[in-house]
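# Fold and contact review
Chain by chain, the residues run as shown.
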Amino acid sequence: MYASDPNPPLLANYAQLVCRSGEALGDVGRKTEVVMKECELPLIDLGVLRNRNEAEKAACVEAICKASSEWGFFQVVNHGISLDLLRSMRKEQKNLFESSFQKKATCGLLNNSYRWGNQAATDPKQLSWSEAFHVPLIKISEESCYGEFHSLRGVMEEYAGEMQKLAKMLASVLVKNMGEGKEVNNSCDESTCFLRLNRYPVCPCAPEVFGLVPHTDSDFLTILHQDEVGGLQLMKDSKWVAVKPNQDALIVNIGDLFQAWSNDEYKSVEHKVMVNTKVERYSIAYFLCPSSDSVISSYKEPAVYKKFTFGEYRSQIQQDVKKTGHKVGLPRFLN
Ligand SMILES: C=C1C[C@]23C[C@@]1(O)CC[C@H]2[C@@]12CC[C@H](O)[C@@](C)(C(=O)O1)[C@H]2[C@@H]3C(=O)O
Ligand SMILES: O=C(O)CCC(=O)C(=O)O
Ligand SMILES: [Fe+2]
């Protein structure tokens, strides 16, 4: 590795895993040989919610809730976030990831939130061929997070603010549809939410290695801004389908907390990222999370899941990942 090499030592990590587990890639490789069907996620025009036509507004709300139940995923256009801001954020993200692995890993950037691969993996199927900065929103305004990357700060602050507004608006639509008096908004703020900048380097072992291992998100909902490369896949009717990138749209997905609160009405769907041998990929995810002491319980009886706090949920996940190498998630809390 050269001192200026931007890539984390994923190949060495991977080779070590293949030797340690003593197995060929088996399953992972075979499954991905199947040619994927590309799907267009339900497309929702949020511009409608800003106009005065009540019937159109009601139809838009219905479309959001239907997609959240049937897909757990949808894409939104006319979301109110300027395309210039999305472009600037992407440019800054690339500039940051182009710096050396050494710098990203050791210079305390973005609250020391840099991570790569999966150091806890004991099996090639648990490896994620990617690097990320997983940043608490509350740190985004701190100058000390940016080192030499001065221009990233303003853009990231604006981006996080806009994502926060959009996520809360969508959450409020979903909550109102459940007929709930409660609001998600009170427990989610700058001190509880996260922005995750992802980079998926070119992978010589593609498609046998995941860019990001199959998982559900552990939050209320996620807003994803992906580039034009593609690679995101989700479970639909027990099959993996590939999401067709749309540069005008942001992708929204339901997380575990909304699934539990809505008593399985909204679905937190498993998704993963595939990598390829030719071109790197970038994405940014915004996670709408509550405080650790927030209680998550079904809005109606009989409840599918036991009551839990977000803190309890997260520590159970960490414990499972440590013990078994993968997240168990909601099934741990079934009644
Ligand atoms: C090894 C893991 C880290 C992760 C939980 C997991 O078991 C599998 C997916 C990872 C992921 C991806 C999306 C989110 O960024 C995240 C916070 C989550 O809920 O699942 C991470 C987890 C993590 O980074 O701790
Ligand atoms: O990069 C992507 O498309 C998905 C990222 C993701 O699932 C995550 O960060 O939780
Ligand atoms: Fe995810």
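A brief structural summary. Model, not experiment: these values are computed from the prediction. (Residues numbered from 1 in each chain as written. Chains lettered and ligands numbered in written order. Predicted model: local features only at pLDDT ≥ 70, side-chain atom pairs only at ≥ 80, totals over all residues. Heavy atoms only, no water.)

## Thoughts on the site of ligand 2
- Near ligand 2, the surroundings consist of 14 residues, among which Tyr200, His215, His271, Arg281 and Ser283 are the closest.
- Measuring from an oxygen atom of ligand 2, one finds a side-chain N or O atom of Asp217 at 3.3 Å.
- A distance of 2.8 Å is found between an oxygen atom of ligand 2 and a side-chain nitrogen or oxygen belonging to Arg281.
- Bound to the protein, ligand 2 loses 97% of the 300 Å² it would expose on its own.
- Mapped by element, the contributors of at least two residues to the shell around ligand 2 are strand E6 (194-200), strand E7 (210-215), strand E12 (271-274) and strand E13 (281-288).
- Among the elements that make up the shell around ligand 2, the one with the highest residue count is E13 (4 residues).
- Here the shell around ligand 2 is built from residues that sort into 7 nonpolar, 4 polar and 3 charged. (Near = heavy atom within 4 Å. Polar contact = N/O pair within 3.5 Å; in protein donor to acceptor, adjacent residues only side chain to side chain. Areas by Shrake-Rupley, 256 points an atom, 1.4 Å probe, with all protein chains shown as cover. Helix = DSSP H or I, 4+ residues; strand = E, 2+ residues; numbered from the N terminus. Nonpolar A, V, L, I, M, F, W, Y, C, P; charged D, E, K, R; others polar.)

## Quick look at unusual backbone geometry
- The residue after Ala206, namely Pro207, is reached through a cis peptide bond having omega 0°.
- A cis amide bond links Glu301 to the next residue, Pro302, at an omega of -10°.
- Here Pro302 shows up in the loop between strand E14 (295-296) and strand E15 (308-309).
- Phi is positive for Leu110, which is not a glycine, with a value near 45°.

## Topic: the coordination of the iron ion (ligand 3)
- His215 (NE2), Asp217 (OD) and His271 (NE2) make up the full set of protein donors to the iron ion (ligand 3), lying at 2.1 to 2.2 Å.
- For the iron ion (ligand 3), the single-chain donor residues occur in sequence as H-x1-D-x53-H. (Donors = N, O, S within 2.8 Å, 3.2 Å for Na, K, Ca; no water.)

## Things to note about the sheet that holds strand E5 (residues 131-136)
- If you walk across this open sheet you meet the 8 strands as E2-E3-E11-E8-E13-E6-E5-E4, and the pairing is mixed. Looking along the sheet, the strands with just one partner apiece sit at the ends: strand E2 (43-45) and strand E4 (114-116). Between one strand and the next, the sheet's axes are offset by a mean angle of 25°, whatever the strand orientation.
- Its contacts with the sheet place helix H7 (residues 150-177) against strand E3 (73-77), E5, E6, strand E8 (221-226), strand E11 (250-254) and E13, and it is angled at close to 135° to E8. (Pairing = 2+ DSSP bridges. Axes fitted to C-alpha atoms, helices over the stretch in contact; angles between N-to-C directions. Contact = heavy atoms within 4.5 Å.)

## Some words on the packing of aromatic side chains
- Tallied over the entire structure, the rule returns 13 aromatic pairs.
- With 4.8 Å between their ring centres and 50° between their planes, Phe308 and Phe333 make a pair best called tilted. On the criterion of sequence distance, the pair formed by Phe308 in strand E15 and Phe333 in the segment after helix H9 (310-324) is long-range, its members being 25 residues apart. Considered together, Phe308 and Phe333 belong to a single accessibility category, that of buried residues.
- One aromatic cluster is present, built from ring pairs that chain together Phe97, Phe101, Tyr114, Trp116, Phe133 and Tyr282.
- Directly above the ring of Trp71 sits Lys236, whose terminal nitrogen or CZ lies 4.8 Å from the centroid. (Phe/Tyr/Trp six-rings, centres within 6.5 Å; stacked < 30°, edge-to-face > 60°. Buried < 20%, exposed > 50% of the residue type's maximum accessible area, 1.4 Å probe, protein only. Lys NZ or Arg CZ within 6 Å of the ring centre and 35° of its normal.)

## Topic: the pairing of strand E9 (residues 232-236)
- When you tally the buried positions in E9, you get 4 out of 5 residues, the bulk of the element.
- Examined bridge by bridge, E9 and E12 share 3 bridges and lie antiparallel to one another. Considered in E12, the bridge of Leu234 is made with His271.
- Bridge count for E9 against strand E10 (residues 239-243) is 4 bridges, and the pairing is antiparallel. Bridging from a neighbouring strand, Leu234 pairs with Val241 of E10.
- Connecting E9 to the next strand, E10, in antiparallel fashion are 2 residues, including Asp237 with a positive phi near 50°.

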